[in-house]
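Geometric and topological summary
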Amino acid sequence: MQVSLLSENLQKKILFVNHAISPRSQLPILLNFLIEAKNGRFYVSATDLEIGILVEIHAKVEQEGSITIPAKTFTELIATIPQDKITLKTNENGLLLTGGKTKAQFQTTPGEEFPKLYEEKGKELITLKKEAIDKDFSKIVFAASPDSDRPALSGVLIKEEKEGFLLVATDGYRLSLKKHALKNIKKEKTGEAISIIVPSKIIRELVQMEKEEDGGEVKVYASKEKNQIIFSQNDTILVGRLIEAEFPNFEKIIPTDFSTRTVFERQDLQRAIKAGYIFARQNAGIVKLSIKKDKIIVSANAPSVGENTIEVDAKTLGEENDIAFNARYVLDFLSNTTGEIMSFEMTGPLNPGVFKEEDDPSFLHLIMPIRVQQESA
């Protein structure tokens with residue numbers, strides 16, 4: 001194999017490919033990049049067997065071939081090379097990199113030993129718009145569980161409905177839901193409604209890919225035979241396995257009514273929760289929200305540190321009420337939502353609290369409360 005390309009093109013692409021490298025992998029081959037020159041094109045790919053990423057990089061292919069090289073070492077070295085033309089050439093000792101004043105020899109393994117990312121793309125399902133991915137998935141994916149012990153909770157439900165798609169993620173303690181999502185998409189005629197659970201790790205990379213790439217569309221393919229989902233955008237392909245599990249019956253935990261509803265500015269509550277968390281992190285992260293007629297009082301205390309209270313302007317309908325949450329959950333929500341004017345609804349200190357965006361009635365975020373010791377009168 002022999003290819004020539006610009007170092008800046010390689011630097012940009014392999015940073016994203018590196019997301020598919022797991023330092024905890026027990027298989028040495030998975031700590032490598034697969035680099036391929038075929039059909040006049042140059043590719044770099046990686047996988048941790050959960051996700052796979054493949055990018056095409058503009059290059060001059062002088063001799064085709066494939067090889068794998070240590071990803072960490074290769075990435076770190078490429079980052080040190082100034083903007084210049086570089087050449088990658090295989091020889092009897094492995095892979096030789098030359099460019100400018102840099103020369104390096106890498107140990108390699110045959111490309112045939114690297115696992116294939118996919119055999120075929122499968123059926124094309126939909127084409128997503130760039131803005132829809134960023135806007136809708138970002139509000140949802142953070143609520144999924146990072147733990148794969150309960151597979152369904154580690155994924156995002158994507159379910160086709162009459163008016164758009166339903167997106168849901170939950171880790172059992174919080175839940176994000178968006179109706180009428182992924183507007184302005186192109187849907188292929190597959191003869192059946194889409195209902196899939198995609199690992200949250202894939203969705204996070206999809207959002208990241210969207211920020212790094214220039215294209216406005218992402219094509220989505222699925223293969224039931226291989227149980228794979230593929231997102232393809234310009235010269236980048238993201239591959240993952242669909243989750244085969246039953247998504248929890250989330251509808252039953254979403255309140256249909258409330259006794260207290262308060263409206264506030266997102267940034268005001270975010271600053272208050274951050275201030276409360278300074279004390280809350282010494283006490284299991286617990287912050288208390290006291291809903292008053294014209295304000296929300298955010299308070300936290302830790303016996304070994306002290307206590308604080310912060311007031312947030314608000315307009316409340318219904319009863320005054322108190323509720324306690326894990327501060328990190330509230331901060332996660334407030335940093336991932338986009339609405340500036342928010343509402344909060346509740347029916348009591350032991351029932352779920354529901355946050356909504358005032359300008360988007362199709363979205364909600366639910367958090368389970370924490371039972372706290374009631375203060376004596």
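For the structure, see preceding data.
Calculation criteria
Residues numbered from 1 in each chain as written. Predicted model: local features only at pLDDT ≥ 70, side-chain atom pairs only at ≥ 80, totals over all residues. Heavy atoms only, no water. Helix = DSSP H or I, 4+ residues; strand = E, 2+ residues; numbered from the N terminus. Buried < 20%, exposed > 50% of the residue type's maximum accessible area, 1.4 Å probe, protein only. Arc of directions from axis to C-beta. Core = buried A, V, L, I, M, F, W, Y, C linked by side-chain atoms within 4.5 Å. Contact = heavy atoms within 4.5 Å. Pairing = 2+ DSSP bridges. Axes fitted to C-alpha atoms, helices over the stretch in contact; angles between N-to-C directions. Salt bridge = Lys/Arg side-chain N within 4 Å of Asp/Glu carboxyl O. Polar contact = N/O pair within 3.5 Å; in protein donor to acceptor, adjacent residues only side chain to side chain. Phe/Tyr/Trp six-rings, centres within 6.5 Å; stacked < 30°, edge-to-face > 60°. Lys NZ or Arg CZ within 6 Å of the ring centre and 35° of its normal.

**A few points about unusual backbone geometry**
The phi torsion at Asn39 lies on the positive side, around 50°, for a residue other than glycine. Looking at the secondary structure, you find Asn39 in the loop between β2 (32-38) and β3 (41-47). Since its relative accessible area comes to 66%, Asn39 is described here as exposed. Positioned with a positive phi, Asn227 is a non-glycine residue whose angle comes to about 55°. Tracing the backbone through its elements, the reader meets Asn227 in the loop between β17 (217-223) and β18 (228-233).

**Observations concerning helix α3 (residues 130-137)**
Considered for burial, the residues of α3 that qualify are Ala132, Ile133, Asp136 and Phe137. Taken around the axis of α3, the buried residues stretch over an arc of 100°, which confines them to a single face.

**Side note on the nonpolar core**
With 94 residues, the main nonpolar core has Phe33, Val44, Phe74, Phe137 and Ile273 as its most contacted residues. Setting aside chain neighbours within four positions, we find Phe137 in contact with Leu128, Ala132, Val156, Ile158, Leu167, Leu182, Ile203, Leu206 and Val207. Leu177, Val354, Leu364 and Leu366 belong to the second-largest nonpolar core, a separate cluster that totals 14 residues.

**A look at the sheet that holds strand β16 (residues 195-199)**
Read from one edge of the open sheet, nine strands run β16-β12-β13-β14-β28-β27-β26-β20-β24, paired in antiparallel fashion. Bordering the open sheet on either side are β16 and β24 (315-318), each of which pairs with just one other strand. In this sheet, neighbouring strand axes are inclined to one another by 20° on average, regardless of whether the strands run parallel or antiparallel. Two elements, strand β12 (residues 155-161) and strand β13 (residues 164-170), share five bridges in a ladder whose sense is antiparallel. Residue Ile158 lies in a different strand from β13, and its bridge partner there is Leu167. Packed on one face of the sheet, helix α5 (residues 266-280) meets β20 (260-265), β26 (341-346) and β27 (353-357) and runs near 95° to β20.

**Some remarks on the pattern of salt bridges**
With the rule as written, the count across this model stands at 20 salt bridges. Across the pair Asp171 and Arg174 runs a salt bridge, and its minimum N-O distance is 3.2 Å. Of the residues examined, Asp171 reaches a relative accessible area of 11% and is grouped as buried. On the basis of relative accessibility, which here comes to 6%, the residue Arg174 falls in the buried class.

**Some words on the side chain of Ser200**
On the secondary structure map, Ser200 appears in helix α4 (residues 200-212). Note on Ser200: relative accessible area 4%, which makes it buried. Beyond its immediate chain neighbours, meaning those up to four positions away, Ser200 contacts Val141, Ala144, Ser145, Ser154 and Gly155.

**Comments concerning the side chain of Ser138**
With respect to the secondary-structure elements, Ser138 resides in the loop between α3 and β12. Within the local environment of Ser138, its side chain forms a polar contact with the backbone oxygen of Asp134, the two atoms lying 2.7 Å apart.

**Structural notes on helix α2 (residues 71-80)**
Listing the buried residues of α2 in full gives Ala71, Phe74, Thr75 and Ile78. Looking straight down α2, one finds its buried side chains confined to an arc of 95°; they lie on one side. Exposed side of α2, more than 90 degrees from the buried face: Lys72 and Thr80 are the residues found there.

**Regarding the packing of aromatic side chains**
On inspection of all chains with the given rule, the structure shows nine aromatic pairs. Plain terms: the ring middles of Phe247 and Phe250 are 6.1 Å apart, the flat faces sit at 75° to each other, and that makes the pair edge-to-face. A residue is classified by how much of its surface remains accessible, and Phe247, at 12% relative accessible area, is buried. Residue classification places Phe250 among the buried positions, given a relative accessible area of 7%. Plain terms: the ring middles of Phe344 and Phe355 are 4.7 Å apart, the flat faces sit at 45° to each other, and that makes the pair tilted. With a gap of eleven residues between them, Phe344 in strand β26 and Phe355 in strand β27 connect regions that are remote in the sequence. Overall, Phe355 belongs to the buried group, its relative accessible area being 0%. By the ring-pair criterion, three or more aromatic residues cluster together here, those being Phe325, Phe333, Phe344, Phe355 and Phe363. The lysine or arginine in question, Lys38, covers the ring of Tyr43, its NZ or CZ lying 5.7 Å from the ring centre. Across the ring face of Phe363, the terminal group of Lys139 is positioned such that the distance to the ring centre comes to 5.0 Å.

Any link to function would need more than the numbers given here.
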